[in-house]
Amino acid sequence: MATIIAITNQKGGVGKTTTCSAFCGGLTDCGYNVLAIDLDPQGNLSFSLGAEAEENYTMYDVFKGNCEIKDAIQCTNNCDVIAANILLSGCELELTGVGREYILREALSTIQDRYDYIIIDTPPALSILTINAYTAANQLIIPMIAEILSLQGIAQLKETIFAVKKYYNKELEIKGILLNKYNPRLILTKEVEELAGIIADQLGTKILDAKISTSVSLAEAPAHGITIMEYAPRSKATAEYRKLICEITGVSKHSGTKGGSHTSGSKGSSKKKQNKK
Ligand SMILES: Nc1ncnc2c1ncn2[C@@H]1O[C@H](COP(=O)(O)OP(=O)(O)OP(=O)(O)O)[C@@H](O)[C@H]1O
Ligand SMILES: [Mg+2]
């Protein structure tokens, strides 16, 4: 049964998609079956992983009931992906029925046993899409940019997460705050860490030990449709993301096990774009 991890922050540009892509690459690399779910109408994760969102069923079709979730899965060279495009932004207005918070969770329950990990990218908003991600997930990771940490918006994020925990998903666990574009040499770092500590306290979580430095390779990899693990396997960014993956899941490149339930990976078994509309 897959562990479902959502990467979230309603602030834009903090590294949610970058982190999702690295997680998918790192776990696939270790031989796990991974499904990436793009819940952002910008479709950045779909693009980063080489998925196609025009001719295949997407998350929009899943939410609207136009297809079964299994029919929206694309096998890419990276991992399995359910793509998103701009149509997904219509969900906020179009999903009005009772139980709309549970659509993703119910859909995932039909395929959860096929995967070891399901990684969800969320949009920079606290919308019905975000609530679906929190309702479906076992764990949350909250990336933040070290230089522009701010308490602004944290109350809202906390309110949303805590409301979902109370009403829809009691088991939801906030694994921690991930400091991105972290530079230990900056004079500001001490202040930043203190502020991050306050934010983590407010959210009832901690700052993760793993931190991600600024890296040109991280910015370049998406254009090549491959993850950082493949694009720059020996880079500092890859090592930092491997540390993060190990901290969250216990999986390391050399251990190759997740609580003993190791299965063969999907990497290399590419059946690209098989589920055409
Ligand atoms: N550690 C890093 N080093 C260098 N560039 C980075 C790093 N993390 C993210 N970036 C770059 O910053 C930009 C924003 O990152 P990303 O798209 O992952 O953020 P996001 O939180 O998903 O944004 P959005 O809220 O718009 O979805 C991207 O161009 C990405 O390549
Ligand atoms: Mg993004």
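Above this text is the structure in question.
Thresholds, definitions, all that
Residues numbered from 1 in each chain as written. Chains lettered and ligands numbered in written order. Predicted model: local features only at pLDDT ≥ 70, side-chain atom pairs only at ≥ 80, totals over all residues. Heavy atoms only, no water. Helix = DSSP H or I, 4+ residues; strand = E, 2+ residues; numbered from the N terminus. Buried < 20%, exposed > 50% of the residue type's maximum accessible area, 1.4 Å probe, protein only. Contact = heavy atoms within 4.5 Å. Areas by Shrake-Rupley, 256 points an atom, 1.4 Å probe, with all protein chains shown as cover. Near = heavy atom within 4 Å. Polar contact = N/O pair within 3.5 Å; in protein donor to acceptor, adjacent residues only side chain to side chain. 1 Å grid on protein atoms, 1.4 Å probe; cavity = no way out; pocket = protein on both sides within 12 Å on 5 of 7 lines; lining within 4 Å. Sits in = over half its atoms within 2 Å of the grid points. Pairing = 2+ DSSP bridges. Axes fitted to C-alpha atoms, helices over the stretch in contact; angles between N-to-C directions. Salt bridge = Lys/Arg side-chain N within 4 Å of Asp/Glu carboxyl O.

## Describing the overall build of the chain
Right, so step 1: Per the secondary structure count, the chain includes eleven helices and seven strands.
Right, so step 2: By residue count, 56% of the 277 residues in the chain fall in the buried class.
Right, so step 3: Intrachain contacts of the chain at a sequence separation of at least 6 include 81% that bridge at least 24 residues.
Right, so step 4: Within the structure as shown, the chain displays about 12,000 Å² of accessible surface, and the carbon and sulfur contribution to it stands at 52%.

## A short note on the site of ligand 1
Right, so step 1: Residues in contact with ligand 1 amount to 19 residues; listed here are only the nearest, Lys16, Thr17, Thr18, Asn180 and Ser215.
Right, so step 2: Contact distances for ligand 1 include 3.0 Å between an oxygen atom and a backbone N or O atom of Gly15.
Right, so step 3: Ser213 places a main-chain nitrogen or oxygen 2.9 Å from a nitrogen atom of ligand 1.
Right, so step 4: The protein chains hide 81% of the 630 Å² of surface that ligand 1 would expose on its own.
Right, so step 5: Of all the cavities here, the one that holds ligand 1 is the largest pocket.
Right, so step 6: Elements with a contribution of two residues or more to the shell around ligand 1: helix 1 (16-29) and helix 9 (216-220).
Right, so step 7: Ranked by the residues each element gives to the shell around ligand 1, the list is headed by helix 1, at three residues.

## Focus on the sheet that holds strand 6 (residues 139-145)
Right, so step 1: The sheet built from seven strands is open, its strands ordered 3-4-2-5-1-6-7 with mixed pairing. Only two strands of the sheet have a single neighbouring strand rather than two, namely strand 3 (74-75) and strand 7 (173-180).
Right, so step 2: Two elements, strand 1 (residues 3-7) and strand 5 (residues 117-121), share five bridges in a ladder whose sense is parallel. Paired with Ile4 across the strands is Ile118, a residue of strand 5.
Right, so step 3: Its contacts with the sheet place helix 1 against strand 1, strand 2 (34-38), strand 5, strand 6 and strand 7, and it is angled at close to 165° to strand 5.

## Considering the pattern of salt bridges
Right, so step 1: On inspection of all chains with the given rule, the structure shows six salt bridges.
Right, so step 2: The salt bridge partner of Arg242 is Asp29, with a shortest N-O separation of 2.6 Å. With Arg242 in helix 11 (residues 236-249) and Asp29 in helix 1, the pair connects residues that are 213 residues apart, well separated along the chain.
Right, so step 3: On the basis of relative accessibility, which here comes to 19%, the residue Arg242 falls in the buried class.
Right, so step 4: Of the charged contacts in the structure, one is a salt bridge between Glu173 and Lys175, with a shortest N-O distance of 3.5 Å.
Right, so step 5: Glu173 sits in the partly exposed class, given a relative accessible area of 36%.
Right, so step 6: Linked through salt bridges whose partners overlap, the residues forming this network are Glu68, Lys70 and Asp71.

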